[in-house]
Amino acid sequence: IMSTILNNFADGSSILLSTHIISDVETVFDDIVFLKDGDINLFGEAESLRVEHGKSIDQLFREVYRC
């Protein structure tokens, strides 16, 4: 599925992806929004969040959702 998405993605377009398997798709993220109980729990540019928190997006996901 990821290869199909990436092969058909065009510059300037957006893809909204909802998944709980973050480790499989983390490398393609530009921006991240974590919603929890209807509220935005974490939002930002993926690389900035990695640097700011010193963790992968998958690790942040597991903290927010306590997986």
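For the structure itself, consult the block above.
Note that this is a predicted model, so its numbers are computed, not measured.

1. Description of helix H4 (residues 57–65)
Part 1 of the reasoning: Within the sequence span of H4, burial applies to Ile 57, Asp 58, Leu 60, Phe 61 and Val 64. All buried residues of H4 lie within an arc of 160° about the axis, which places them on one face of the element.
Part 2 of the reasoning: Summarising the contacts, the buried residues of H4 are in contact with helix H2 (22–25), strand S1 (31–36), strand S2 (39–45) and helix H3 (46–53).

2. What about the side chain of Asp 58?
Part 1 of the reasoning: Turning to its location among the elements, Asp 58 is positioned in helix H4.
Part 2 of the reasoning: Classification of Asp 58 as buried rests on a relative accessible area of 13%.

Conventions adopted
- In this numbering scheme, every chain counts its residues from 1 along its sequence in written order.
- Per-residue local features are limited, in this predicted model, to residues with pLDDT of at least 70; the limit for side-chain atom pairs, both in listing and counting, is 80 or more; totals at the level of whole chains, interfaces and linings are taken over all residues.
- Each side-chain value is worked out from all heavy atoms of the structure, with water and hydrogens disregarded.
- Classification of residues uses two cut-offs on accessible area relative to the type maximum, computed with a 1.4 Å probe and protein chains only: under 20% is buried, over 50% is exposed, and between them is partly exposed.
- Comment: elements are numbered from the N terminus, with helices defined as DSSP H or I runs of at least four residues and strands as E runs of at least two.
- This arc corresponds to the set of directions leading from the helix axis out to the C-beta atoms.
- Here, residues are in contact when the closest pair of their heavy atoms is within 4.5 Å.

So yeah, pure geometry; function would need other evidence.
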